[in-house]
Amino acid sequence: MDLTRGTGKEKNDRAKKMMLWFGIVSLLMGFAGWTSAYIVSSSREDWISDLLLPNSFFISTAIIISSSFTYIMAKKAIKLGQSKMGTNWLLVTLGLGIAFVVFQFNGFSEMIATGYYFTGPTSNIKLSYVFLIAMVHIVHVAAGIISLLVVLYNQIKGKYSPQEYLGVDLGATFWHFLDLLWVYLLAFMYFVE
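Residues numbered from 1 in each chain as written. Predicted model: local features only at pLDDT ≥ 70, side-chain atom pairs only at ≥ 80, totals over all residues. Heavy atoms only, no water.

1. Quick look at the packing of aromatic side chains
Pairs of aromatic rings are described using the distance from one ring centre to the other and the angle between the two planes. Definition in use: Geometry of aromatic contacts follows a simple scheme: Phe, Tyr and Trp rings, the Trp one being its six-membered ring, pair when their centres are within 6.5 Å, and the pair is stacked under 30 degrees between planes, edge-to-face over 60, tilted otherwise. Secondary structure elements are taken from DSSP: a helix is a run of H or I of four residues or more, a strand is a run of E of two residues or more, and numbering for both begins at the N terminus. Exposure categories follow from relative accessible area, calculated using a 1.4 Å probe and restricted to protein chains: below 20% of the type maximum is buried, above 50% is exposed, and the middle band is partly exposed.
A complete count under the given rule lists 15 aromatic pairs for this structure. Considering the side-chain rings of Phe31 and Trp34, the 5.3 Å spacing of their centres and the 75° angle between planes classify their relative orientation as edge-to-face. Residue Phe31 and its partner Trp34 are both found in helix α1 (residues 8–41); the two are separated by three residues, about one turn of the helix. In this structure Phe31 comes out as buried when scored by relative accessible area, which is 2%. A residue is classified by how much of its surface remains accessible, and Trp34, at 29% relative accessible area, is partly exposed. In textbook terms, an aromatic cluster arises when at least three aromatic residues are bridged by ring pairs, as seen for Phe57, Phe100, Phe105, Phe108, Phe131 and Trp182.

Structure (structure tokens):
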């Protein structure tokens with residue numbers, strides 16, 4: 001495929017997609033570093049292996065997976081020219097994204113109520129990693145919510161159509177990445193003791 005061919009718009013669209021993928025790869029590298037450090041640190045004597053992840057983390061996982069499906073439905077509706085339905089699905093996705101963040105913070109509260117802290121005398125390195133990995137993911141979900149708000153704003157303004165929906169496509173790709181990333185992180189923290 002010759003990337004120098006095509007109209008200016010086609011080249012611009014390809015560039016935007018490529019920038020998104022470069023960003024996703026760089027985020028993956030960051031999380032790979034943290035999970036690698038987690039594995040290396042698991043050989044420490046003060047590493048606890050009986051930590052139970054909070055139930056809210058599992059509920060939030062179901063929520064973020066559901067939000068990926070609602071984003072798919074929004075994109076599908078927009079591609080079919082069903083603007084109002086697309087807007088409604090985007091609003092549902094936004095609500096689920098906010099619910100994900102709320103349940104993540106509930107999970108932190110559950111951990112603190114159990115006596116697990118990020119730092120301090122009752123903390124240890126494993127707890128610090130769990131808090132850090134989950135919190136950094138929440139920061140990226142906040143970025144995903146901001147991108148979703150931009151997509152929703154553009155959708156309400158009528159900027160998307162069956163012929164032009166690049167913004168929805170880019171937003172959905174980032175959102176699905178965040179979804180898959182959290183599923184991986186939760187499974188990682190659950191199974192790697």
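2. Quick notes on the nonpolar core
Worth spelling out the cut-off: By convention a nonpolar core is built from buried Ala, Val, Leu, Ile, Met, Phe, Trp, Tyr and Cys residues, the set being connected through side-chain atoms within 4.5 Å. Contact between two residues is taken to exist if any of their heavy atoms lie within 4.5 Å; hydrogens are not considered.
One finds Tyr38, Phe57, Tyr71, Leu90, Val130, Trp182 and Met189 to be the most contacted residues of the largest nonpolar core, which totals 48 residues. When contributions to this core are tallied by element, the ones reaching two or more residues are α1, α2 (55–79), α3 (83–113), α4 (125–156) and α5 (166–191). By residue number, the principal contributor to this core is α5, which donates 14 residues. Apart from the residues lying within four places of it in its own chain, the contact partners of Phe57 are Gln104, Gly107, Phe108, Met111, Val130, Ala134, Trp182 and Leu186.

3. Details of the layout of surface pockets
Taking a probe equal in size to a water molecule and rolling it over the atoms shows the remaining empty space. Put simply, the rule reads: Cavity means a closed set of points on a 1 Å grid over the protein atoms alone, one where a 1.4 Å probe fits but cannot get out, pocket means an open set with protein on both sides within 12 Å along at least 5 of 7 lines, and lining means a residue has an atom within 4 Å of a point. Grid points are joined across faces, edges and corners, and a volume is the space filled by probe spheres set on the points. Classification used: nonpolar for Ala, Val, Leu, Ile, Met, Phe, Trp, Tyr, Cys and Pro, charged for Asp, Glu, Lys and Arg, polar for all others including Gly.
Here the largest pocket defines a volume of roughly 390 Å³. Taken together, 19 residues form the lining of the largest pocket, with Lys16, Leu166, Gly167, Leu170 and Gly171 sitting closest to its centre. Elements that contribute at least two residues to the lining of the largest pocket include exactly α1, α4 and α5. Per element, the largest residue contribution to the lining of the largest pocket is seven residues, and it comes from α1. When the residues that make up the lining of the largest pocket are grouped by side-chain class, the tally is nine nonpolar, five polar and five charged.

4. Describing the pattern of salt bridges
We apply this condition: The working definition used for a salt bridge is a side-chain nitrogen of Lys or Arg within 4 Å of a carboxyl oxygen of Asp or Glu.
For the structure on display, the rule yields four salt bridges. Between Lys9 and Asp13 there is a salt bridge, with the nearest N and O atoms lying 2.7 Å from each other. Placement of the pair is Lys9 and Asp13 together in helix α1, with a separation of four residues, close to one helical turn. You can call Asp13 buried: its relative accessible area is 18%.

5. Quick word on α4
As a reminder of what qualifies: By this rule, a helix spans an expected 1.5 Å times one less than how many residues it contains. Pairing of N or O atoms within 3.5 Å defines a polar contact, subject to two protein rules: one partner must be a possible hydrogen donor and the other a possible acceptor, and residues neighboring in sequence count only if both atoms are side-chain atoms.
With 32 residues, α4 extends 46 Å from end C-alpha to end C-alpha; this agrees with the ideal 46 Å at 1.5 Å per step. Its side-chain oxygen at 2.9 Å from the backbone nitrogen of Lys126, Asn124 defines the N-terminal cap of α4. Following α4 by one or two positions, Gly158 has its phi on the positive side, about 80°.

6. A look at the environment of Phe105
Note that Phe105 resides in helix α3. Taking relative accessible area as the criterion, Phe105 reaches 38% and is therefore assigned partly exposed. Spatially, the C-alpha atoms of Phe105 and Tyr160 are 34 Å apart, while their sequence positions differ by 55 residues.

7. What about a nonpolar patch on the surface?
Here is the rule we go by: A patch consists of residues whose relative accessible area exceeds 30% and which take part in no salt bridge; residues with like charges are grouped when within 9 Å of each other, and nonpolar side chains (Val, Leu, Ile, Met, Phe, Trp, Tyr) when within 5 Å. Using the Shrake-Rupley algorithm and a 1.4 Å probe, accessible areas are obtained, with residue cover drawn only from the displayed protein chains.
There is a patch of nonpolar side chains on the surface, built from Ile65, Phe69, Ile72, Met73 and Val183 and spanning about 410 Å² of accessible area. Sorting elements by how many residues they give to the nonpolar patch places α2 first, with four residues. Along the chain, Ile72 turns up in helix α2.

Remember that the coordinates give geometry; whether it matters functionally is a separate question.
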